[in-house]
Amino acid sequence: QVQLAESGGGLVQAGDSLRLSCAAAGRTFNNYGIGWFRQAPGKEREFVTGISRSGSVTDYAESVKGRFTVSRDNAKNTVTLQINSLKPEDTAVYYCAADPSGWGTQGAYKNAYWGRGTQVTVSS
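The structure contained in this document is the topic of the report that follows. (Residues numbered from 1 in each chain as written. Predicted model: local features only at pLDDT ≥ 70, side-chain atom pairs only at ≥ 80, totals over all residues. Heavy atoms only, no water.)

## A closer look at the overall build of the protein chain
Regarding its fold elements, the protein chain presents zero helices and eleven strands. Taken against the 2.2 N^0.38 rule, which gives 14 Å for 124 residues, the C-alpha radius of gyration of the protein chain at 13 Å falls within 12% of a compact globule. Projected onto the principal axes, the alpha-carbon positions of the protein chain cover approximately 40 × 25 × 25 Å. Long-range contacts, defined here as pairs at least 24 residues apart, represent 59% of the contacts in the protein chain between residues at least 6 apart. (Helix = DSSP H or I, 4+ residues; strand = E, 2+ residues; numbered from the N terminus. Rg over C-alpha atoms; globule rule 2.2 N^0.38 Å. Contact = heavy atoms within 4.5 Å.)

As structure tokens, this is what we get:
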């Protein structure tokens, strides 16, 4: 099992950048693919990006390609989501999830462990 904690959210203006972190507790962090999801008010939670356990494979939703970058540091048990050129439609609670299969790609989170989320609010 792995416990996840997101951080780095906040209130920013359109065009700004943010770096979100997902910190994991547990010795088997590098066995898990890690994904980022987001849920905006009144909408379903959606996949944003994911990274495989080794970091060699990444997957992005079309809506964020070119602006979002995911990376991981297995030595520090962290995954980072760099978000550039923020838009008001990026406003959401951002969650990280640990995928036991290790792939981290969209659709691989049926048995995932979830963090509690961090709020990102983008003003226009």
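## Notes on the nonpolar core
Residues Ile34, Trp36, Phe68, Val79 and Tyr94 are the most contacted members of the largest nonpolar core, which totals 29 residues. Not counting residues up to four positions away in its chain, the partners in contact with Phe68 are Arg38, Val48, Tyr60, Leu81, Gln82, Ile83, Asp90 and Tyr94. Counting six residues, the second-largest nonpolar core is a separate cluster that includes Phe47, Ala108, Tyr109 and Ala112. (Core = buried A, V, L, I, M, F, W, Y, C linked by side-chain atoms within 4.5 Å. Buried < 20%, exposed > 50% of the residue type's maximum accessible area, 1.4 Å probe, protein only.)

## Remarks on the packing of aromatic side chains
The tally for this structure, following the rule as stated, stands at five aromatic pairs. Ring plane angle 80° and centroid distance 6.0 Å describe the contact between Tyr32 and Tyr113, whose orientation is recorded as edge-to-face. Of this pair, Tyr32 sits in the loop between strand E3 (18–25) and strand E4 (33–39) while Tyr113 is found in strand E10 (residues 113–114), placing the two residues 81 residues apart along the sequence. Of the aromatic side chains, those joined through ring pairs into one cluster are Phe37, Phe47, Tyr109 and Trp114. Positioned over the ring face of Tyr95 is Arg45, at 5.5 Å from the centre of the ring. (Phe/Tyr/Trp six-rings, centres within 6.5 Å; stacked < 30°, edge-to-face > 60°. Lys NZ or Arg CZ within 6 Å of the ring centre and 35° of its normal.)

## Remarks on the state of the cysteines
Summed over the entire model, instances satisfying the criterion amount to one disulfide. A sulfur-sulfur separation of 2.1 Å characterises the disulfide bridge that pairs Cys22 with Cys96. What sets the handedness of the Cys22 and Cys96 disulfide is the S-S torsion sign, and at about 70° it is right-handed. Taken as a pair, Cys22 in strand E3 and Cys96 in strand E9 (residues 92–99) lie far apart in primary sequence, 74 residues in all. (Disulfide = S-S within 2.5 Å.)

## Here we look at the sheet that holds strand E7 (residues 68–73)
The sheet built from four strands is open, its strands ordered E1-E3-E8-E7 with antiparallel pairing. The sheet is open, and its two borders are formed by strand E1 (3–7) and E7, each paired with just one other strand. Averaged over all neighbouring strand pairs, the angle between strand axes comes to 15°, with direction disregarded. Note: E7 against strand E8 (residues 78–83), six bridges, orientation antiparallel. (Pairing = 2+ DSSP bridges. Axes fitted to C-alpha atoms, helices over the stretch in contact; angles between N-to-C directions.)

## A word on the environment of Phe29
You can see Phe29 is positioned in the loop between E3 and E4. The exposure class of Phe29 is buried, given its relative accessible area of 1%. Phe29 has contacts with Ala24, Ile34, Arg72, Asp73, Asn74, Asn77, Thr78 and Val79, leaving out every residue within four places of it along the chain.

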